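# Notes for the structure review
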Amino acid sequence: QVQLVESGGGLVQVGGSLSLSCIASGETWSLYGMGWFRQSPGKEREFVAAVTRATGTTYYGDSVKGRFIVSRDNTKSAMYLRSTSLKPEDTAVYYCAARSRYGLEPAQAISYDYWGQGTQVTVSA
């Protein structure tokens, strides 16, 4: 089993920046990749970004490309999301997720085995 804990959410103004962290514990050796998803009221969960554990290969959702950067630190079993040029539509609960299976689509929530509790990000106009 793997446990995930997100941190770093909060209130930020339009155009501002925010960094999120996700720390994994437990059987982290089994993880192949990690990702960020977000969900706002009345909307489906949306893929934000993902990174593979071994190679550091990154993936981004279209709505955040060029504004967000995902990274990982395997020594700390951590994943980070640096978000810049924030917009009101970035307001959501951001979830950290981790997957242990190879070959699955990193942008699909069903590919992930473990989820964090989420952290709220609010972008005010």
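To start, this report covers the structure provided alongside it.

Calculation rules
Residues numbered from 1 in each chain as written. Predicted model: local features only at pLDDT ≥ 70, side-chain atom pairs only at ≥ 80, totals over all residues. Heavy atoms only, no water. Helix = DSSP H or I, 4+ residues; strand = E, 2+ residues; numbered from the N terminus. Buried < 20%, exposed > 50% of the residue type's maximum accessible area, 1.4 Å probe, protein only. Contact = heavy atoms within 4.5 Å. Disulfide = S-S within 2.5 Å. Core = buried A, V, L, I, M, F, W, Y, C linked by side-chain atoms within 4.5 Å. 1 Å grid on protein atoms, 1.4 Å probe; cavity = no way out; pocket = protein on both sides within 12 Å on 5 of 7 lines; lining within 4 Å. Points joined across faces, edges and corners; volume = space filled by probe spheres on them. Phe/Tyr/Trp six-rings, centres within 6.5 Å; stacked < 30°, edge-to-face > 60°.

Moving on to the side chain of Asp-90. Positionally, Asp-90 belongs in the loop between β8 (78-83) and β9 (92-99). Taking relative accessible area as the criterion, Asp-90 reaches 0% and is therefore assigned buried. Contact partners of Asp-90, with chain neighbours within four places excluded, come to Arg-38, Arg-67, Phe-68, Ser-85, Val-121 and Val-123.

Further remarks concern the state of the cysteines. Inspection of every chain in the model, using the stated rule, returns one disulfide. Bridging Cys-22 to Cys-96, the disulfide has an S-S length of 1.9 Å. A torsion of -70° about the S-S bond marks the disulfide between Cys-22 and Cys-96 as left-handed. Of this pair, Cys-22 sits in strand β3 (residues 18-26) while Cys-96 sits in strand β9, and the two are 74 residues apart along the sequence. With a relative accessible area of 0%, Cys-96 lands in the buried category.

Next up on the list: the nonpolar core. Core analysis: the largest hydrophobic core is formed by 26 residues, its most contacted members being Leu-4, Met-34, Trp-36, Val-48, Met-79, Leu-81 and Tyr-94. Counting only elements with at least two residues in this core, the list comes to β1 (2-7), β3, β4 (33-39), β5 (46-52), β7 (68-73), β8, β9 and β11 (119-124). Residues within four places of Leu-81 in sequence aside, it is in contact with Leu-18, Ser-19, Leu-20, Trp-36, Val-48, Ala-49, Phe-68, Ile-69, Val-70 and Tyr-94. Counting five residues, the second largest nonpolar core, distinct from the first, contains Phe-47, Ala-50, Ala-97 and Tyr-112.

With that settled, the discussion passes to empty space enclosed by the protein. Inspection of the entire model under this criterion finds one cavity of 30 Å³ or more. A volume near 60 Å³ is recorded for the largest cavity. Lining the largest cavity are Ala-24, Leu-31, Met-34, Val-51, Thr-52, Arg-53, Arg-72, Asp-73, Asn-74, Ser-77 and Ala-78. Sorting the residues of the lining of the largest cavity by element identifies β5 and β7 as the ones contributing at least two each.

Moving on: the packing of aromatic side chains. According to the stated counting rule, one finds five aromatic pairs in the structure shown. Residues Phe-37 and Phe-47 carry aromatic rings whose centres are separated by 5.5 Å and whose planes lie at 65° to one another, so their mutual orientation is edge-to-face. Residue Phe-37 is located in strand β4, and its partner Phe-47 is located in strand β5; the two are separated by 10 residues in the primary sequence. Given the relative accessible area of 11%, Phe-47 is considered buried.

Any functional reading would require information beyond the geometric quantities listed.
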